[in-house]
Amino acid sequence: MSIAVANESGVAVDERELVALAVYLLTEMGVNPAAELSLLIVDEDHMSSLHEHWMGEPGPTDVLAFPMDELGAAPGRGDERPEPALLGDVVLCPTVAARQAAAAGHGTPAELRLLTAHGILHLLGYDHAEAEDKRRMFALQDKLLAGFVADAGGSGHSGAAPR
């Protein structure tokens, strides 16, 4: 998997953990290992601009997902694994995540993991507009995050030093 990270937020974020999480999620979801993903970490002004432009809503939000290629099965492979694709961009705002984390009673790294998983699932075609879709997406999100935390030794940390 090719995962590019650009932290333009001015806030220290464990980028290596987010990459490890993205690799874990995409592998668990059966995405072709040649797929590409971008994680962009921005400040509130930039996120507000994106949120207003693309969603028509004022102010910053926690995560936005911008899908690029449609995922389809690779022809003739027989394994039904989606072909390589440029999945798109997941945009995170760590200052919004920090406020949400405090309100939820957990740390900002856990909130950023949750938001990264949420954004990646959106790129893979999941949505939560309808109640049943929301239940399915959030259950999968919880299952994947629990698996990542378990695989990382219970901390949810990939072993990489904080940045």
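All values derive from a computational prediction rather than experimental measurement. Per chain, the residues get numbers from 1 upward, laid out in the order the sequence is written. Given that the model is predicted, a residue must reach a pLDDT of at least 70 before its local features are reported, and side-chain atom pairs must reach 80 or more before they are shown or counted; all residues, however, enter totals for whole chains, interfaces and linings. The side-chain quantities take in all heavy atoms of the structure and omit both hydrogens and water.

**Q** For this particular structure, what's the right way to read the sheet that holds strand E1 (residues 2-7)?
**A** The strands making up a sheet associate through hydrogen bonds between their backbones, and the pairing can be parallel or antiparallel. Spatially, four strands are ordered E1-E2-E4-E3 in an open sheet, and the strand pairing comes out mixed. Edge positions in the open sheet fall to E1 and strand E3 (63-67), since each of these has one partner strand only. Sheet twist, expressed as the mean angle between neighbouring strand axes with direction ignored, is 15°. Bridge count between strand E2 (residues 36-41) and strand E4 (residues 86-92): six bridges; the pairing is parallel. Within the sheet, the bridge partner assigned to Glu-36 lies in E4 and is Leu-86. The sheet contacts of helix H1 (residues 15-28) involve E1, E2 and E4, and relative to E1 the element is tilted by about 150°. In this scheme, strands are said to pair when DSSP sees at least two bridges between them. Numbering of helices and strands runs from the N terminus, with a helix taken as a DSSP run of H or I at least four residues long and a strand as a DSSP run of E at least two residues long. Every angle, taken between N-to-C directions, lies between 0 and 180 degrees, and every axis is a line fitted to C-alpha atoms, over only the stretch in contact when it is a helix. Working rule for contacts: check all heavy atoms of both residues, and any pair within 4.5 Å makes them a contact.

**Q** Got a minute to help me understand the nonpolar core in this structure?
**A** Here is a general trend for soluble globular proteins: nonpolar side chains tend to be buried in one another's company. Residues belong to a common nonpolar core when they are buried Ala, Val, Leu, Ile, Met, Phe, Trp, Tyr or Cys residues joined through side-chain atoms within 4.5 Å. Any residue under 20% of the maximum accessible area for its type is buried, any over 50% is exposed, and the rest in between are partly exposed; the area is computed with a 1.4 Å probe on protein chains only. Ranked by internal contacts, the top residues of the largest apolar core, which has 31 residues, are Leu-26, Leu-37, Leu-87, Val-90, Leu-92 and Ile-120. When contributions to this core are tallied by element, the ones reaching two or more residues are H1, E2, E4, helix H4 (108-123) and helix H5 (131-151).

**Q** Explain helix H3 (residues 94-104) here, please?
**A** Helical periodicity: at 3.6 residues per turn, an α-helix aligns residues three or four positions apart in one direction. Of the residues making up H3, those classed as buried are Pro-94, Val-96, Ala-97 and Ala-101. Buried residues of H3, seen end-on, are gathered within an arc of 150° and therefore sit on one face of the element. With respect to the buried face of H3, the exposed residues turned more than 90 degrees away are Ala-102 and Ala-103. In this structure, the buried side of H3 is in contact with E2, helix H2 (44-55), E4 and H4. Gly-105, located one to two residues past H3, shows a positive phi value of around 85°. The directions from the helix axis to the C-beta atoms are what the arc is built from.

**Q** Could you clarify how one ought to interpret the pairing of E4 in this entry?
**A** Residues in a regular strand point their side chains to alternate faces of the sheet. With five of seven residues buried, E4 lies mostly within the body of the structure. Pairing of E3 with E4, which is carried by five bridges, proceeds in the antiparallel orientation. Across the sheet, the residue bridging to Phe-66 is Asp-89, located in E4.

**Q** Explain the packing of H4 against H5 here, please?
**A** Two quantities define a packed helix pair, namely the angle between the helix axes and the distance between the axes. Running from amino to carboxyl end, H4 crosses H5 at an angle of 130°, the nearest separation of the two axes being 10 Å. Judged by the inter-axis angle, H4 sits oblique to H5. Seen from above, H4 lies across H5 with right-handed handedness. Of the residues in H5, those touching H4 at Arg-113, Leu-114, Ala-117, His-118, Leu-121 and His-122 are Met-137, Phe-138, Leu-140, Gln-141, Leu-144, Leu-145 and Phe-148. Should an angle lie under 35 degrees it is considered roughly parallel, over 145 roughly antiparallel, and from 65 to 115 roughly perpendicular; all remaining angles are considered oblique. Handedness of a helix crossing follows the sense of rotation of the near helix relative to the far helix, less than a right angle counterclockwise being left-handed and clockwise being right-handed.

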